[in-house]
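Descriptive analysis of the structure
The residues making up each chain are set out below.
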Amino acid sequence: MNRLKRFLQRQWAGLIGTFYLPVWIIEGAEAKSAAPLSLAYAGVEKHKNYLLHSVFGVHFNEKSLGKIWIGDISRKVRQSGGVSPSVIVREMGTRQNRFFKPVGNFRIPVWVETEFKLVEPLEVIEKKPDFRKIRSRIRSQQTTHSFSSDKALFDEFYKSMYVSYTAQSHKDSAFIYDYDFLKKEFEEGEILFVEKDDVRIGGILIHYSKNEAKLRSFGVLNGSEEYLQIGTLGILIYLAILRIKEKGYSAAQLGYSRGYLLDGALRFKTRMGISVKATHHRESGFLSYEFLRYDEPVKNFLAAHPFIDAEKGSRAVVFIADAGVLKAENAAEFVKNRFCRGLEGMTLYSFSAEDAPGKIALPGGVFAEADLVPAFSLFASAVCGKEKNA
């Protein structure tokens, strides 16, 4: 009976613990505009680290407020003293969303799933224009490749390629799969190695199940920048896609990417013709923005970091100074760089009071038109609160 009681107490403590989120206040200069910005983040530390490095680069100051009850985060942040943040970024997983009503705007997936659909014949996929640069790299670097189910080579892949590359590339935001988990995945799959000058310089683990094939993890030897520069990762993904097609699958699952449209890994996949799926990582859930001020720093932040919103379907959300950006010389490239295959549409939030809401034509051919929305509508409560406290 005592053992059951202790078990139930641990379960209850674990459940309650998920409703307390670590919270930080961060101040620094937004990396792209160099304008000062202060924000609060509530959620997992590694996710916070990713966002901070994306937004601020390496120059920022942060202060921990400890763990705070989800329903009390807004009040505690406002009363924290010092510089008041312009926005609270709140991370809500599946369990938290089940018990608490979302606060703030948008549902930005922490992680989105990506895939490459394999509906065309192998010879067509192999010669796709999206892969032209990769095929050129294979020829110019004279790389070869092989497949292995050798357990001894799994250890080499895990330690010398996957862990080394992931830790060096993502640093304090790195999520590294457990050795035993990946070894089990390997036992139901294989590793594709790329070789150069008779040295295995990179590898990718492909896991096969009855209904799908997934690229589970990849890396380059010792995280070498030299091997990254010659395009090893692109070569690995390209050859793995062809391998999965050869085995008769209708799609290659390429794992998760961040829900921010200018994220480097997501853009890398997008340039290869890879699509974003409507699904997301359920445990990590979504990010939302609670705006506390309507000021230039938060405008700079939003304009520099467009994202995927899953509130209604799966759409690209882009903040712009005014609709005139769609008439600029580089407008088509601007739109294309904020687009991913698989998204259902695009919403443009304009900071200009002169832009009327409605539909607006898009250059670039990714979508015929986008929804144009006044950004001011998102900040009504922040503006009212500011006036009230003035």
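Attention in this report is confined to the structure presented alongside it. Keep in mind that what you see is a predicted model, and the values were worked out from it rather than measured.

By the definition in use, this model includes 32 aromatic pairs. Relative to Phe379, the ring of Tyr294 lies with its centre 4.4 Å away and its plane at 40°, an arrangement referred to as tilted. Residue Tyr294 is found in the loop between β13 (286-291) and α12 (296-304), and its partner Phe379 is found in the loop between β18 (369-374) and α14 (380-389); the two are separated by 85 residues along the sequence. Each of the two residues, Tyr294 as well as Phe379, counts as buried. The interplanar angle of 45° and the centroid separation of 6.4 Å between the aromatic rings of Phe307 and Phe319 together place this pair among those described as tilted. With Phe307 in strand β14 (residues 307-309) and Phe319 in strand β15 (residues 315-320), this pair connects stretches of sequence that are 12 residues apart. Each member of the pair Phe307 and Phe319 is classed as buried. Lying across the ring of Phe175, Lys46 places its NZ or CZ 5.1 Å from the centre. Directly above the ring of Trp24 sits Lys48, whose terminal nitrogen or CZ lies 4.5 Å from the centroid.

Another aspect to go through is α12. For α12, the set of buried residues is Pro297, Val298, Lys299, Phe301, Leu302 and Ala304. For α12, the N-terminal cap is Asp295; the gap from its side-chain oxygen to the backbone nitrogen of Val298 is 3.1 Å.

Where helix α6 (residues 132-141) contacts helix α10 (residues 232-246), the axes come no closer than 10 Å and their chain directions differ by 110°. The angle between the axes of α6 and α10 places the two elements in the roughly perpendicular class. Contact residues: Ile134, Arg135, Arg137 and Ile138 in α6; Gly234, Ile235, Tyr238 and Leu239 in α10. Of the residues that constitute the contact of α6 with α10, the class distribution is 5 nonpolar, 1 polar and 2 charged.

In this section: the packing of helix α7 (residues 151-170) against helix α8 (residues 179-187). Contact geometry of α7 with α8 gives a least axis separation of 11 Å together with a crossing angle of 135°. The orientation of α7 with respect to α8, classified from their angle, is oblique. The interaxial crossing formed by α7 with α8 has right-handed handedness. Along its contact with α7, which presents Lys151, Phe154, Asp155, Tyr158 and Tyr162, the element α8 presents Tyr179, Leu182, Lys183, Phe186 and Glu187. In the contact of α7 with α8, the residues fall into 6 nonpolar, no polar and 4 charged.

The subject of this paragraph is the sheet that holds strand β6 (residues 111-117). In spatial order, the strands read β7-β8-β9-β10-β11-β6-β12; together these 7 strands make up an open sheet with mixed pairing. Taken across any chain shown, the strands that pair with only one partner, and hence form the sheet edges, are β7 (144-148) and β12 (275-280). Strand-to-strand twist in this sheet, taken as the mean axis angle between neighbours without regard to direction, amounts to 30°. Note that strand β9 (residues 199-208) and strand β10 (residues 213-220) share 7 bridges and pair antiparallel. From the neighbouring strand, Tyr208 faces β10, where its bridge partner is Ala213.

Conventions adopted
All chains use their own residue numbering, which begins from 1 and follows the written sequence. Note on the predicted model: pLDDT of at least 70 is required for a residue's local features to be given, and 80 or more for side-chain atom pairs to be given and counted; whole-chain, interface and lining totals, by contrast, use all residues. With hydrogens and water excluded, all non-hydrogen atoms of the structure serve as input to the side-chain values. The rule is short: rings of Phe, Tyr and Trp, with Trp giving its six-membered ring, pair when the centres are within 6.5 Å, and they are stacked under 30 degrees, edge-to-face over 60, tilted in between. Strands are runs of DSSP state E lasting at least two residues, helices are runs of H or I lasting at least four, and both sets are numbered from the N terminus onward. Note on classification: 1.4 Å probe, protein chains only; a residue is buried when its accessible area is under 20% of the maximum for its type, exposed when over 50%, partly exposed between these limits. Here, a charge over a ring is recorded when the distance from Lys NZ or Arg CZ to the ring centre is within 6 Å and its angle to the ring normal is within 35 degrees. Polar contacts, as counted here, are pairs of nitrogen or oxygen atoms within 3.5 Å of one another; within protein the pair requires one atom able to donate a hydrogen and one able to accept it, and residues that are adjacent in sequence qualify only if both atoms are side-chain atoms. Convention adopted: a line fitted to C-alpha atoms gives each axis, helices being fitted over their contacting stretch, and angles between N-to-C directions are expressed from 0 to 180 degrees. Throughout this description, any angle smaller than 35 degrees is read as roughly parallel, any larger than 145 degrees as roughly antiparallel, any in the 65 to 115 degree range as roughly perpendicular, and the remainder as oblique. In what follows, a contact means two residues having at least one pair of non-hydrogen atoms within 4.5 Å. Lys, Arg, Asp and Glu make up the charged group, whereas Ala, Val, Leu, Ile, Met, Phe, Trp, Tyr, Cys and Pro make up the nonpolar group; the residues left over, Gly among them, are polar. It is the rotation of the near helix from the far one that decides the hand of a crossing: anticlockwise by less than a right angle makes it left-handed, clockwise makes it right-handed. When DSSP finds two or more bridges between a pair of strands, those strands are recorded as paired.

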